[in-house]
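# A closer look at the structure
What follows is the residue order along each chain.
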Amino acid sequence: FPQAQATVLQFSHQSILDSGAPRLGELVELSTPHGSRWLQMDRIPQPAAADGWIPGILAVAQDITERLRAAREARLHTLGEMAAGIAHEINQPLTAVANYSQAARRRLQSGSTDIRKIMDLLTKIDDQAQRAGQIIRRIRILSRRSDSLYQAIEINTLIRDGVDLARADTRRLD
């Protein structure tokens, strides 16, 4: 250990000797010329002698740097997959909004006086914009760190949302 880290560990060892309490599962960062390494340490005081003196500490350290690095890479990979899924989910209603608005513009430019068809297109635009907003609201709720929230939900809404999600995944896999 570099001198500064050795001093910290020595102080920590002394507190274990003084208290007699073990320290298990501590993460210790070790600075090396080749970068940081992470050690998981278990330190247990040896049984005290009759006079209360603790003769030493049993210390076991395991280098878990690669395990931590792999876990980080897995989190980043999962985050990338989630981002791609979210982009796909939001892109669908936005594409529909663009298509419906182009159709409404073409009808107006052609001089169409069929207000019902134009209103239908505007309703579809509104529905898809609401859908995109709902996706974003749900993502915000999921991204908050909070206690679990239990609430009553309409089962038909839950089933429709599940079907919509399954459809989106199926289209993405095609």
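In this report, we go over the structure that sits alongside the text. For every chain, the first residue of the written sequence is number 1, and numbering continues from 1 along that sequence. Selection of residues for local features in this predicted model requires a pLDDT of at least 70, selection of side-chain atom pairs for listing and counting requires 80 or more, and totals for whole chains, interfaces and linings are taken over all residues. Hydrogens and water are ignored here; the side-chain numbers use all heavy atoms of the structure.

### Notes on the overall build of the protein chain
Runs of H or I in DSSP of at least four residues are treated as helices and runs of E of at least two as strands, each being numbered from the N terminus. Helix and strand counts for the protein chain stand at 4 helices and 3 strands. Traced from its N-terminal end to its C-terminal end, the protein chain shows the element sequence α-β-β-β-α-α-α. On C-alpha atoms alone, the protein chain measures out to a radius of gyration of 30 Å, which is more than a quarter above the 16 Å that the 2.2 N^0.38 rule sets for 174 residues. Projected onto the principal axes, the alpha-carbon positions of the protein chain cover approximately 100 × 45 × 30 Å. When the 174 residues of the protein chain are sorted by exposure, 17% land in the buried category. Two residues qualify as a contact provided that any one of their heavy atoms is within 4.5 Å of a heavy atom in the partner residue. Contacts in the protein chain between residues far apart in sequence, at least 24 positions, make up 47% of those at least 6 positions apart. Between the centroid of the 23 positive side chains of the protein chain and the centroid of its 20 negative side chains there is a distance of 10 Å. Computation of the radius of gyration draws on C-alpha atoms alone. For the globule rule, the value is 2.2 Å times the number of residues to the power 0.38. Buried, partly exposed and exposed residues are distinguished by accessible area as a fraction of the type maximum, computed with a 1.4 Å probe on protein chains only: under 20%, between the cut-offs, and over 50%, respectively. Only four residue types enter the tally: Lys and Arg on the positive side, Asp and Glu on the negative side, with His and both chain ends excluded. All charge positions are set by atom: Lys at NZ, Arg at CZ, Asp at CG, Glu at CD.

### Thoughts on the nonpolar core
Working definition of a nonpolar core: buried Ala, Val, Leu, Ile, Met, Phe, Trp, Tyr and Cys residues. They are joined through side-chain atoms within 4.5 Å. Counting residues in hydrophobic clusters, the biggest one holds 5 residues: Leu 9, Val 28, Leu 30, Leu 39 and Met 41. For this core, the secondary structure elements donating two or more residues are strand S1 (23–32) and strand S2 (35–45). What Met 41 contacts, discounting residues up to four positions off in sequence, is Leu 9, Arg 23, Leu 24, Gly 25, Glu 26, Val 28, Val 60 and Ala 61.

### Focus: the packing of helix H2 (residues 65–109) against helix H3 (residues 115–143)
Between the N-to-C directions of two axes lies an angle of 0 to 180 degrees, each axis being a line fitted to C-alpha atoms and, for a helix, fitted only over the stretch in contact. Relative to each other, H2 and H3 sit at 165 degrees, their axes nearing to 9 Å. Here H2 lies roughly antiparallel to H3, going by the angle between them. With respect to the hand of their crossing, H2 and H3 are arranged in left-handed fashion. In the contact of H2 with H3, the residues fall into 17 nonpolar, 3 polar and 5 charged. For classification purposes, angles smaller than 35 degrees are called roughly parallel, those larger than 145 roughly antiparallel, those between 65 and 115 roughly perpendicular, and all remaining angles oblique. Handedness of each helix crossing follows the sense of rotation of the near helix against the far helix: counterclockwise by less than a right angle gives left-handed, clockwise gives right-handed. Following the grouping adopted for this structure description, the nonpolar residues are Ala, Val, Leu, Ile, Met, Phe, Trp, Tyr, Cys and Pro, the charged ones are Asp, Glu, Lys and Arg, and the polar ones are all others, Gly among them.

### Here we look at the pattern of salt bridges
By salt bridge we mean one thing: a side-chain nitrogen of Lys or Arg within 4 Å of a carboxyl oxygen of Asp or Glu. Evaluated as defined, the whole model comprises 6 salt bridges. A salt bridge links Glu 26 to Arg 23; the shortest N-O distance between them is 4.0 Å. Of the residues examined, Glu 26 reaches a relative accessible area of 24% and is grouped as partly exposed. The salt bridge involving Arg 43 is made with Glu 26; its shortest N-O contact spans 2.2 Å. A residue pair is termed long-range when its members are at least 10 positions apart, and Arg 43 in strand S2 and Glu 26 in strand S1 qualify at 17 residues. Owing to a relative accessible area of 1%, Arg 43 belongs among the buried residues under this scheme.

### Side note on a positive patch on the surface
Together, Arg 105, Arg 106, Arg 107, Arg 116 and Lys 117 make up a region of like positive charge exposed at the surface. Mapped by element, the contributors of at least two residues to the positive patch are H2 and H3. Following the sequence through the fold, Arg 106 ends up in helix H2. Only residues whose relative accessible area exceeds 30% and that form no salt bridge enter a patch; like-charged residues are grouped when within 9 Å of one another, and nonpolar side chains (Val, Leu, Ile, Met, Phe, Trp, Tyr) when within 5 Å. Here the open area of atoms and residues is found with the Shrake-Rupley method and a 1.4 Å probe, where only the protein chains shown may cover a residue.

Fair warning: the whole summary comes from geometry, so function is off the table for now.
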